[in-house]
Amino acid sequence: MNCLAGWREREAREPITITPKILYFGTPVVLITTMNLDGSVNISPMSSAWALGDRVVLGCTASGQGIENLMRQGECALNFPSPALWENVERIARATGRREVPSDKAAIGYEYVADKFALAELTQTGSETIAPPRIAECPLQFEAELVEARPSKGPEGQPAFYIAETRVKRVHAHRDIVVDGTDHIDPARWEPLLYVFRHYFGTGADLGKTFKAQY
Ligand SMILES: Cc1cc2nc3c(=O)[nH]c(=O)nc-3n(C[C@H](O)[C@H](O)[C@H](O)COP(=O)(O)O)c2cc1C
């Protein structure tokens, strides 16, 4: 590397302090299905989700219909779309299952949508251990129950969002992402849809595995 190239590389990696409005560094999109009071099914697109053991923890704004349903009924299905489904997700990005659209959402174009399955062009499939159905097109689907929803206080004291801990009871996966004859998801064939600073991405090629990988 010549002197100028070395200087440019050091300059490119020099950290600068910034104040971004969002911190969405890149997490998978989850379509959360929950039961509305009238027995219909809601879909809430989320990306603030992570798994540890049999738990999946969700970060949900308090004004969403999905978290209200989850806290009332206690169950949800976590449906993980592939990158091919990003436009289906985006079709319901400005939809809420809440009849009275919160003013901050209405101001940016959110509307009440009773049937998000129709709008997203996605299909319900019955769950085995919970009431909310799964989304057939999503290659990976978890049936889960709520363990605890912890309110996180907003500026005026009311909860701005909830941190919801769920326990996964059953896992379903499309056959073509499962290693034949095993319970392993093949990470070379399963590709999550990532939400990175509000843009949708797939993932690149497999870079290698950690020492705990089972397959
Ligand atoms: C890709 C994507 C990711 C999102 N991630 C979250 C999230 O992690 N938490 C959250 O509360 N809202 C998130 N939203 C916004 C919710 O989808 C929105 O609040 C919506 O109103 C939820 O639907 P509901 O009100 O019917 O529950 C996300 C939206 C999109 C399109």
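Residues numbered from 1 in each chain as written. Predicted model: local features only at pLDDT ≥ 70, side-chain atom pairs only at ≥ 80, totals over all residues.

If you had to explain the pairing of strand β6 (residues 75-80) to someone new, which residues and values would you point to?
A regular strand places its side chains so that they alternate between the two faces of the sheet. Counting buried residues in β6 gives six out of six residues, a clear majority hidden from the surface. With burial as the criterion, each face of β6 is covered, one bearing E75, A77 and N79 and the other bearing C76, L78 and F80. Two strands pair when backbone bridges link them, and strand β2 (residues 30-35) and β6 are joined in this way by three bridges, in the antiparallel orientation. Paired with T33 across the bridge in β6 is A77. (Buried ≥ 20, exposed ≤ 12 C-beta atoms within 10 Å, placed from the backbone. Helix = DSSP H or I, 4+ residues; strand = E, 2+ residues; numbered from the N terminus. Pairing = 2+ DSSP bridges.)

Tell me about the site of the ligand, and please be specific about residues and values.
Near the ligand you find 19 residues, and of these S44, S48, G64, G66 and G97 are the closest. Of all elements in the fold, only β3 (41-46), β5 (55-61) and α2 (65-73) reach the threshold of two or more residues within the shell around the ligand. Among the elements that take part in the shell around the ligand, β3 stands out by supplying four residues, more than any other. Class assignment for the residues of the shell around the ligand results in seven nonpolar, 11 polar and one charged. (Near = placed C-beta within 6 Å. Nonpolar A, V, L, I, M, F, W, Y, C, P; charged D, E, K, R; others polar.)

Can you lay out the sheet that holds β3 for me, pointing to particular residues and giving the numbers?
Think of a sheet as strands paired side by side through backbone hydrogen bonds, with each pair either parallel or antiparallel. Within the open sheet, the seven strands sit side by side as β3-β2-β6-β11-β12-β5-β4. Their pairing is antiparallel. One side of each edge strand has no neighbouring strand; the edge strands of this open sheet are β3 and β4 (49-52). Averaged over neighbouring strand pairs, the angle between their axes works out to 30° when direction is ignored. Across the sheet, α2 touches β2, β3, β5, β6, β11 (140-153) and β12 (159-173), and the angle it forms with β2 is around 50°. (Axes fitted to C-alpha atoms, helices over the stretch in contact; angles between N-to-C directions. Contact = placed C-beta atoms within 7 Å.)

Fair warning: the whole summary comes from geometry, so function is off the table for now.
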